Amino acid sequence: MPAETESKPALDSRTWLSRWTPEDNTFWEQEGKSRAWTSLWVTTANLLFAFSIWFLVSALVVRLPGIGFQLTTDQLFWLTAMPGLAGGTFRLIHNLLTPVYGARHVVTFSSLSLLIPAIGWVVVVQDPTTPYWVLMVLAFLAGLGGGNFSSFMPATSLFFPKRLQGTALAIQAGIGNLGVSVVQFVTPWIIGLAFFGTMAGAPQVFTKGEVTKDIWLQNAALIYIPFIVVLAVVAWFTLRSVPVRASIKEQFDINKNKHTWLMTSLYLMTFGSFAGFSATFPLLIKQLYGGFEGAPDPLTYAFYGPLVGSIMRAVAGPLSDKFGGARVTSVAALGLIASTIGVAFHVNPESIAEFPYFVGFMLAIFFFAGIGNASTFKQMPMIFPPRQAGGVIGFTGAIAAYGPFAVSIMIGQSIALTGGVAAFFWTASVFYLVNFAINWWYYARPNAEAKC
């Protein structure tokens, strides 16, 4: 497609490459491979911390009541929901940016925007009298981190030949997704260190039952600020942009293709589940098992879910390149159905003894969601031409990023209407079944319309 690989006049050579033809083996070996992998690693490092900021609120909400914030259960679920609402909305914007401004500008300035919620949370967690609306605004701004995905991933897809896109995108997204585990794993440890806290304020007294201790909750956000700054500078000086350009109006042509909407549903099944359960897993543990004697610390277990999902996304990329994205997506869908049904039987516990089964089935959801995250991103470049594939990757990522918002709100509604969360999990299993049927009919069965 010459129109998508030829340079246009008056492009700034500091930002835009003069040409990019990754399907040409000679070009790829002599010039393309090195630049493509360098771009992937730099963009991936920035994406990891974007995910950390996006899910920062999920690690904070379980601590806020213990340091004096007067918040109801409904308000806590709304705080976990807002980054998802914002992430999806910002992704719809990011989806249009790369073909207009190029990877260099988009990655650099999008990464720097993460300083706004990071600094904001450093300040507000030190004051339990902070109005709830301020917390909601900062929770929304944390969604800036989620938005970055829909410009970073399409930019990376343009650098690689089709035969390697499943692997490249899975590596980038898998490592980027690890940012969720990073924030949930690091938070309990870093908030106990006085060193960072003395730089930004006094400790807070955290109370759990009859136990009190000093913590520096501001550290949970403060720790990421230097990484964000350094990696944004690295992006500015190392990244260049592939000369595949389109106006904002031209990019809307993907909306006319039914496969855009079918793949959106499939990615909502996979990444929507990963993101939604990543945001709500700590709060679910607290709400379902926090009332028992010897109740588990939510963040001690919650980070395992995103970790499993992220690792499987990276692992499933090469498998999707080898066996085909649609086949792997079918396996992921069946696994999600079985795992979700399993969880439904352990959300009304009679004792703490059920907790290992609940965690086990939840980890299975993350396992299969991670596999499906990789396989769906293998399908898209096979179904669409390069520029449209990048747009579809960004658009599907934007819709699926509403996962934390949708899951948080639906769980809250399930509790309000039925007194528990079992109804939510049964509904989710039906949604997964519908998507299995979509994937089998259009992409996986013999003689499928767009077999991939």
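Residues numbered from 1 in each chain as written. Predicted model: local features only at pLDDT ≥ 70, side-chain atom pairs only at ≥ 80, totals over all residues. Heavy atoms only, no water.

J.: Let's hear about the environment of Pro386: which residues, and what values?
T.: Mapped onto the fold, Pro386 is located in helix H21 (residues 386–400). For Pro386 and Val242, which are 144 residues apart along the polypeptide, the C-alpha to C-alpha distance reads 11 Å. (Helix = DSSP H or I, 4+ residues; strand = E, 2+ residues; numbered from the N terminus.)

J.: I'd like to hear about helix H14 (residues 225–238), residue by residue, with values.
T.: With 14 residues, H14 extends 20 Å between its outermost C-alpha atoms, agreeing within 8% with the 20 Å of an ideal straight helix rising 1.5 Å per residue. What H14 keeps buried is the set Ile225, Ile228, Leu231, Ala232 and Ala235. For H14, the arc enclosing every buried residue in end-on projection is 135°, short of the 170-degree limit, so these residues lie on one face. The exposed set on the far side of H14, more than 90 degrees from its buried face, consists of Val230 and Phe237. Tucked inside the fold, the buried residues of H14 contact helix H2 (25–54), helix H6 (103–112), helix H7 (115–124) and helix H13 (219–222). (Expected span 1.5 Å × (residues − 1). Buried < 20%, exposed > 50% of the residue type's maximum accessible area, 1.4 Å probe, protein only. Arc of directions from axis to C-beta. Contact = heavy atoms within 4.5 Å.)

J.: Kindly report on the pattern of salt bridges, identifying the contributing residues and their values.
T.: This model, assessed by the stated rule, comprises four salt bridges. A salt bridge links Arg63 to Asp297, with the shortest nitrogen-to-oxygen separation between them at 3.5 Å. Of this pair, Arg63 sits in the loop between helix H3 (56–60) and helix H4 (73–94) while Asp297 sits in the loop between helix H16 (258–289) and helix H17 (298–302); the two residues are 234 residues apart in sequence, bridging distant segments of the chain. Classification of Asp297 by relative accessible area gives partly exposed; the value is 25%. In this structure, Lys258 and Glu449 form a salt bridge, with 3.0 Å as the shortest nitrogen-oxygen distance. Residue Lys258 is found in helix H16, and its partner Glu449 is found in the segment after helix H23 (422–444); the two are separated by 191 residues along the sequence. For Lys258, a relative accessible area of 41% gives the class partly exposed. (Salt bridge = Lys/Arg side-chain N within 4 Å of Asp/Glu carboxyl O.)

J.: Let's hear about a nonpolar patch on the surface: which residues, and what values?
T.: A grouping of Ile311, Val315, Leu319 and Phe323 is seen on the molecular surface, where their side chains present a nonpolar patch of about 340 Å² in accessible area. Tracing the backbone shows Phe323 in helix H18 (residues 304–323). In this structure Phe323 comes out as partly exposed when scored by relative accessible area, which is 44%. (Patch = residues over 30% accessible without salt bridge, like charges linked within 9 Å, V, L, I, M, F, W, Y side chains within 5 Å. Areas by Shrake-Rupley, 256 points an atom, 1.4 Å probe, with all protein chains shown as cover.)

J.: Summarise unusual backbone geometry; cite the residues concerned and give the values.
T.: The backbone phi angle of Asn447 is positive, close to 65°, even though this residue is not glycine. As for its placement among the helices and strands, Asn447 is situated in the segment after H23.

J.: Account for the packing of helix H22 (residues 403–418) against H23, with residues named and values stated.
T.: Running from N to C, H22 and H23 cross one another at 130°; their axes reach a closest spacing of 8 Å. One finds that H22 runs oblique with respect to H23. On the side of H22, the interface is formed by Val407, Met410, Ile411, Ser414 and Thr418, while H23 contributes Ala422, Ala423 and Phe424. (Axes fitted to C-alpha atoms, helices over the stretch in contact; angles between N-to-C directions. Parallel < 35°, antiparallel > 145°, perpendicular 65-115°, else oblique.)

J.: Residue-level account of the nonpolar core, with values.
T.: Ranked by internal contacts, the top residues of the largest apolar core, which has 118 residues, are Leu79, Trp121, Phe277, Phe358, Met362 and Phe425. Sort the elements by how many residues they give to this core and H16 lands first, with 16 residues. When sequence neighbours within four positions are dropped, the list of residues in contact with Trp121 reads Leu56, Val57, Leu60, Leu135, Leu138, Ala139 and Ala221. Of all hydrophobic cores here, the second largest spans 13 residues; its members include Leu158, Phe159, Phe160 and Val244. (Core = buried A, V, L, I, M, F, W, Y, C linked by side-chain atoms within 4.5 Å.)

J.: So what's going on with the environment of Pro282? Residues and values would help.
T.: Among the structural elements, Pro282 can be located in helix H16. Considering only alpha carbons, one finds Pro282 and Asp297, 15 residues apart in sequence, at a separation of 8.6 Å. Filtering out sequence-adjacent residues up to four positions away, Pro282 remains in contact with Ser58, Val62, Gln184, Pro298, Leu299 and Ala302.

J.: Talk me through the confidence of the model for the protein chain; I want residue IDs and the actual numbers.
T.: Fine structural detail should not be taken from predicted coordinates in areas where pLDDT scores are low. In this model, the protein chain carries a mean pLDDT of 90, and residues with pLDDT of at least 70 account for 96%. Low pLDDT, under 50, characterises residues 1–9; the predicted model gives this stretch 14 contacts beyond four residues in sequence or across chains. (pLDDT = per-residue confidence, 0-100.)

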